[in-house]
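Spelled out, the chains give:
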Amino acid sequence: MQQVVVDISISPDEWIKLYQGAARDVHARARDGRSVRFPARILSPYFLRDGIHGSFRIRFDDQGKFAGIDRL
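What counts and how
Residues numbered from 1 in each chain as written. Predicted model: local features only at pLDDT ≥ 70, side-chain atom pairs only at ≥ 80, totals over all residues. Heavy atoms only, no water. Salt bridge = Lys/Arg side-chain N within 4 Å of Asp/Glu carboxyl O. Helix = DSSP H or I, 4+ residues; strand = E, 2+ residues; numbered from the N terminus. Buried < 20%, exposed > 50% of the residue type's maximum accessible area, 1.4 Å probe, protein only. Core = buried A, V, L, I, M, F, W, Y, C linked by side-chain atoms within 4.5 Å. Contact = heavy atoms within 4.5 Å. Pairing = 2+ DSSP bridges.

**Describing the pattern of salt bridges**
The final tally for this structure, using the stated rule, is 4 salt bridges. Residue R31 pairs with D7 through a salt bridge whose shortest N-O separation is 2.9 Å. Here R31 is found in the loop between β2 (25-29) and β3 (35-39), whereas its partner D7 is found in strand β1 (residues 2-10), with 24 residues between them in sequence. The class for R31 is exposed, based on a relative accessible area of 55%. Using a relative accessible area of 44% as the deciding quantity, one classes D7 as partly exposed. The residue R34 makes a salt bridge to D32 at a minimum N-O spacing of 2.8 Å. A relative accessible area of 51% means that D32 is categorised as exposed.

Set out below in structure tokens:
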């Protein structure tokens, strides 16, 4: 299983655009320097009034499919 750790900061306005489908994916830089892209919907449980902010561990299976996400 592969994993990446990303630091995310998405404002409420940016999140609404993602949620409404203006974009489907979030592009971020992992702490190890890799550029990663993942579906915005996996962040939905972490949305608060001030947006989404924090560090997250995203796990992928051996085929690169999403397996889980944890707030650190």
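**Details of the nonpolar core**
One recurring pattern in soluble globular proteins is that nonpolar side chains are buried together. Residues V6, I8, F38 and L43 are the most contacted members of the largest nonpolar core, which totals 20 residues. Of all the elements in the fold, those that place two or more residues in this core are β1, α1 (12-19), β2, β3 and β4 (52-60). Sequence-distant contacts of F38, defined by excluding residues within four places in its chain, comprise I8, R24, D25, V26, A28, L43 and I58.

**Thoughts on the environment of I42**
As for its position among the elements, I42 is in the loop between β3 and β4. C-alpha of I42 to C-alpha of A22: the two residues are 20 residues apart in sequence and 16 Å apart in space. Setting aside residues up to four positions removed in sequence, I42 forms contacts with I58, F66 and I69.

**With respect to the pairing of β2**
The side chains of a regular strand alternate between both faces of the sheet. Alternating residues of β2 divide into V26 and A28, all buried, and D25, H27 and R29, none buried. With 5 bridges joining them, β2 and β3 adopt antiparallel strand pairing. Within β3, the position partnered with H27 by the bridge is R37. Hairpin connection, β2 to β3: the antiparallel pair is bridged by 5 residues, and G33 has positive phi, about 95 degrees.

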